[in-house]
Amino acid sequence: MKVKIRGLPNNKNLDSRLEQRIFLTLLMIGMLLTFLSGAANLYYRTPVDRVLAPFAMTAIIGGFFWYAVSYGRFRGPIFAASLFACVGLVPYLWMAHGGLFGGFPFFVPYLTVVLMAIHQGVRRWIYLLVLFTTTGWMIYLDLLGSELIKPITDPRVLLYSNLYGLIGSALSVTVLFLIFARSYEEEQQRVLNMADALREANRELEYLSRFDTLTSLPNRRDITEKMEYQLRLSNRNQQPFGLLMVDVDHFKKFNDHFGHQCGDYVLKALAELMLSLKREQDSVARWGGEEFILLLPDTDLKGTMVMAERLRSAVENHSFNDGVNRHQLTITVGATVFDLLSDQIDHTIRKADTALYWGKEQGRNRCYAYTTRMIEMKELL
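Residues numbered from 1 in each chain as written. Predicted model: local features only at pLDDT ≥ 70, side-chain atom pairs only at ≥ 80, totals over all residues. Heavy atoms only, no water.

The chain has the name Diguanylate cyclase (GGDEF) domain-containing protein in an unreviewed UniProt entry, where Anoxynatronum buryatiense is given as its organism.

Printed below as a string of structure tokens:
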């Protein structure tokens, strides 16, 4: 039987939410850094292109952010933003911050971490390859003394560039760390929830393996284990125990006439009736179909037959009301006791079943005990 474990999050959805959260956070950081870069370039009165470029990049990054949030679509913006960072942001930062001797080298590990954080599998390695290819090309141009890359000669601008790169990268990595820390906590909670769900599922499976779902009585497996235990106990203290096999008379005809829904009601009502009649130490179980079994510890044959007759009489005089009709039923009971000479519980069960069969052959609605010959209650009195 397949048991559905409730309350477990989907790993793929969890990863997707984390990816989206990281992406939006990085876009906000990118907008902040590029805007500050443009503002700083404006403050230091750098050429117009050095002022407009970061503001233009801020607008582009803001467009990615707006599209992802407004339409709830992340895959396209993530791909486009990653490509833009590799082939657009890298050359700009390299040139704007003086190349190798400016603040850009601080961004190299940061961008690497970003790409590794938001991409998986082949995509991760493709974007890393593009990033390192672009960076390598910029280093090559820098070493050749290309006019595209102008070293920073103003000490104030150089200080700003280095601090900008260092603080921006440190801030970004710190935010990434906090995001992953939160993700770790969520994952820990997910694992705890899964453990709770598994424990609950195990409890449900244990219940289903030991109890009948219709009557809520113990099933054959559970009562058999109890009988095995009682057998060992009886062998040790030399005390007998009784066994009753109960069968509802003509139940198949009853089902055919009134329907299985009514039959199920009768079985549940009969189970409740037997539970109300048994002693505290006794056990009642559904053996299968319309058959029930009772285990009576520390009970001799006479006591076993007294309980059998008590059950039979109670059922005969009980009115089973299903809300539409009142039904009168009878049961046949086979009884036996463990004889202290047998070391197999199957032998005792077969004796009770044989007595039950004999009672059916004799006309039903009666109790018989298994001895060297079948006997009724009146013969024990």
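Having seen it, we continue.
Let us now look at the packing of helix α8 (residues 251–258) against helix α9 (residues 260–277). In contact at an axis separation of 7 Å, α8 and α9 are set at 130 degrees when each is read in the N-to-C sense. Between α8 and α9, the angle falls in the class oblique. For the pair α8 and α9, the contacting residues are Phe-251, Phe-254, Asn-255 and Phe-258 in the first and His-260, Cys-262, Gly-263, Val-266 and Leu-267 in the second. Of the residues assigned to the contact of α8 with α9, the class counts are six nonpolar, three polar and no charged. (Axes fitted to C-alpha atoms, helices over the stretch in contact; angles between N-to-C directions. Helix = DSSP H or I, 4+ residues; strand = E, 2+ residues; numbered from the N terminus. Parallel < 35°, antiparallel > 145°, perpendicular 65-115°, else oblique. Contact = heavy atoms within 4.5 Å. Nonpolar A, V, L, I, M, F, W, Y, C, P; charged D, E, K, R; others polar.)

Within α8, burial applies to Phe-251, Phe-254 and Asn-255. Buried residues of α8, viewed axially, fall in a sector of 100 degrees; they line one side. For α8, the exposed residues set more than 90 degrees away from the buried face come down to Lys-252, Lys-253, Asp-256 and His-257. On the buried face of α8, the contacting elements are β1 (242–248), α9 and β5 (326–328). Trailing α8 by a residue or two, Gly-259 shows a phi angle of about 100 degrees, which is positive. (Buried < 20%, exposed > 50% of the residue type's maximum accessible area, 1.4 Å probe, protein only. Arc of directions from axis to C-beta.)

Turning to the nonpolar core, a few remarks are in order. Core analysis: the largest hydrophobic core is formed by 35 residues, its most contacted members being Phe-23 and Ile-118. Counting only elements with at least two residues in this core, the list comes to α1 (11–43), α2 (48–71), α3 (75–96), α4 (107–118) and α5 (121–144). Counting residues in hydrophobic clusters, the runner-up holds 33 residues, among them Leu-294, Met-305, Ile-331 and Cys-367. (Core = buried A, V, L, I, M, F, W, Y, C linked by side-chain atoms within 4.5 Å.)

Summary statistics for the chain give a mean pLDDT of 82 and a share of 84% for residues scoring 70 or more. Put simply, α1 is where the chain has its lowest mean pLDDT, 72, and strand β3 (residues 291–296) is where it has its highest, 96. Taken as a whole, residues 1–15 scores under 50 in pLDDT and shows 17 contacts with residues more than four places along the chain or in a different chain. (pLDDT = per-residue confidence, 0-100.)

By the element assignment, Cys-262 lies in helix α9. The buried category is assigned to Cys-262, whose relative accessible area is 7%. A sequence separation of 65 residues divides Cys-262 from His-327, and the C-alpha atoms of the two residues are 9.8 Å apart. Beyond its immediate stretch of four places on either side in the chain, Cys-262 contacts Phe-254, Asp-322 and His-327.

Right, let's talk about the sheet that holds β1 for a bit. With mixed pairing, five strands are arranged side by side in an open sheet as β2-β3-β1-β6-β7. What marks the edges here is a single partner per strand, and that holds for β2 (283–288) and β7 (367–369). On average, each strand axis in the sheet is inclined to that of its neighbour by 20 degrees, with strand direction left out of account. Sheet topology places strand β6 (residues 331–337) next to β7; three bridges connect them, and they run parallel. Each residue of the ladder has a partner; that of Val-333, found in β7, is Cys-367. (Pairing = 2+ DSSP bridges.)

Our next topic: the pattern of salt bridges. In this structure the tally under the stated criterion is 13 salt bridges. For the salt bridge of Asp-247 with Lys-360, the shortest nitrogen-to-oxygen distance reads 3.1 Å. Here Asp-247, found in strand β1, pairs with Lys-360, found in helix α11 (residues 345–361); they are 113 residues apart in sequence, far enough to count as distant. Looking at Asp-247, the relative accessible area reads 3%, which means it is buried. Salt bridges sharing common partners tie together Glu-206, Arg-210, Arg-221, Asp-222, Glu-225 and Lys-226. (Salt bridge = Lys/Arg side-chain N within 4 Å of Asp/Glu carboxyl O.)

Packing of α3 against α5 brings their axes to within 9 Å, and their N-to-C directions diverge by 15 degrees. Relative to α5, the element α3 lies roughly parallel. As α3 packs across α5, the resulting crossing turns out to be right-handed. Contact residues: Phe-79, Ser-82, Leu-83, Cys-86, Val-87, Val-90, Pro-91 and Trp-94 in α3; Arg-123, Tyr-127, Val-130, Leu-131, Thr-134, Thr-135, Met-138, Ile-139 and Asp-142 in α5. Classifying every residue of the contact of α3 with α5 by side-chain character gives twelve nonpolar, three polar and two charged. (Left-handed = near helix turned anticlockwise from the far one by under 90°.)

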